[in-house]
Amino acid sequence: MTVTIRNATSEADLKAAYALITALAAHEDSSHYLKITEAAFTEGALAQPPRFHVVVAEELGAILGVMTYTTRFHIWSGKDVLVLDDLYVAPTARGMGLGNKLLEAIGDIAKRRDLPVKWQVNTDNEGAIRLYKRIGADYSERGICFWRPENIA
């Protein structure tokens, strides 16, 4: 298995990424909250500067995982923070370590920029919470994770 983790750079990449975001919304019974269209998703990711970033996990030309994130100013720390918005791996590709590889990618970005990563997780997603704790993220009972640069391997 040769998996490539890379930024989504084309409309084809973003079409596949959007399909995975749609699958994530369905998986979480949240499709009614997903308001962005594929066209708006593509436009936002390809804007200069991008409104958000899309990272994909690809094997043999097939995009099997997606991660989206933004950068925003964090009032309490007084500096920017990376906000991981979506992380999803297609059911057929689970168990291949793609989720870990996508997390490593945002960890690398955060480490280079000396920024923490913040995200939310459903409090009943015990497997994900165990993973996040294992990589060194702080987890609060409200489902908010905060991964400080010094804890990123």
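Attention here is on the structure that accompanies the text.

Each value, and the rule that gives it
- Residues numbered from 1 in each chain as written.
- Predicted model: local features only at pLDDT ≥ 70, side-chain atom pairs only at ≥ 80, totals over all residues.
- Heavy atoms only, no water.
- Pairing = 2+ DSSP bridges.
- Helix = DSSP H or I, 4+ residues; strand = E, 2+ residues; numbered from the N terminus.
- Contact = heavy atoms within 4.5 Å.
- Axes fitted to C-alpha atoms, helices over the stretch in contact; angles between N-to-C directions.
- Phe/Tyr/Trp six-rings, centres within 6.5 Å; stacked < 30°, edge-to-face > 60°.
- Buried < 20%, exposed > 50% of the residue type's maximum accessible area, 1.4 Å probe, protein only.
- Parallel < 35°, antiparallel > 145°, perpendicular 65-115°, else oblique.
- Left-handed = near helix turned anticlockwise from the far one by under 90°.
- Expected span 1.5 Å × (residues − 1).

1. Thoughts on the sheet that holds strand β6 (residues 138-139)
Next up, step 1: Taken in spatial order, the 7 strands of this open sheet run β1-β2-β3-β4-β5-β7-β6, and their pairing is mixed. At either margin of the open sheet sits one strand with a lone partner, and together these are β1 (3-7) and β6.
Next up, step 2: Relative to strand β7 (residues 144-147), β6 runs antiparallel, the two sharing 2 bridges. Counterpart to Tyr139 in the pairing with β7 is Cys145.
Next up, step 3: Docked against the sheet, helix α3 (residues 98-113) engages β1, β2 (53-59), β3 (62-74), β4 (79-89), β5 (117-120) and β7, running at close to 170° with respect to β4.

2. A short note on the packing of aromatic side chains
Next up, step 1: Applying the stated rule across the entire model yields 4 aromatic pairs.
Next up, step 2: Summarising the aromatic geometry, the rings of Phe41 and Phe52 are spaced 5.2 Å apart at their centres and angled 45° between planes, so their arrangement reads as tilted. Note that Phe41 is positioned in helix α2 (residues 38-46) and Phe52 in the loop between α2 and β2, a separation of 11 residues in sequence.
Next up, step 3: We classify Phe41 as buried; its relative accessible area is 4%.
Next up, step 4: A relative accessible area of 14% places Phe52 in the buried class.
Next up, step 5: Between Trp119 and Tyr132 the ring centres are 5.0 Å apart and the planes differ by 80°, which places this aromatic pair in the edge-to-face class. With Trp119 in strand β5 and Tyr132 in helix α4 (residues 126-134), this pair connects stretches of sequence that are 13 residues apart.

3. A closer look at the pairing of β3
Next up, step 1: Pairing of β2 with β3 involves 7 bridges; the strand directions are antiparallel. Paired with Glu59 across the bridge in β3 is Ala62.
Next up, step 2: Here β2 folds back onto β3 in antiparallel fashion, the turn holding 2 residues, of which Leu60 has a positive phi close to 50°.
Next up, step 3: Judged from the 10 bridges that link them, β3 and β4 form a sheet pairing that is antiparallel. Paired with Thr70 across the two strands is Val83, which belongs to β4.
Next up, step 4: Counted between consecutive antiparallel strands, the loop separating β3 from β4 contains 4 residues, among which Gly78 sits at a positive phi close to 75°.

4. Side note on the packing of helix α1 (residues 11-27) against α2
Next up, step 1: Contact geometry of α1 with α2 gives a least axis separation of 10 Å together with a crossing angle of 125°. As judged from the angle between their axes, α1 and α2 are oblique. α2 is crossed by α1, and the crossing has right-handed handedness. Taking contact as the criterion, the partners of Glu11, Leu14, Lys15, Ala17, Tyr18 and Ile21 in α1 are, on α2, Glu38, Phe41, Thr42, Ala45 and Leu46.

5. So, α3
Next up, step 1: Taking 1.5 Å as the rise per residue, α3 with 16 residues should run 22 Å; its terminal C-alpha atoms sit 23 Å apart, in good agreement.
Next up, step 2: Every buried residue of α3 is accounted for by Leu98, Leu102, Leu103, Ala105, Ile106, Gly107, Ile109 and Ala110.
Next up, step 3: Phi turns positive one or two residues past the end of α3, at Asp114, with a value near 55°.

From the geometry alone we can't say anything about function, so treat these as descriptive.
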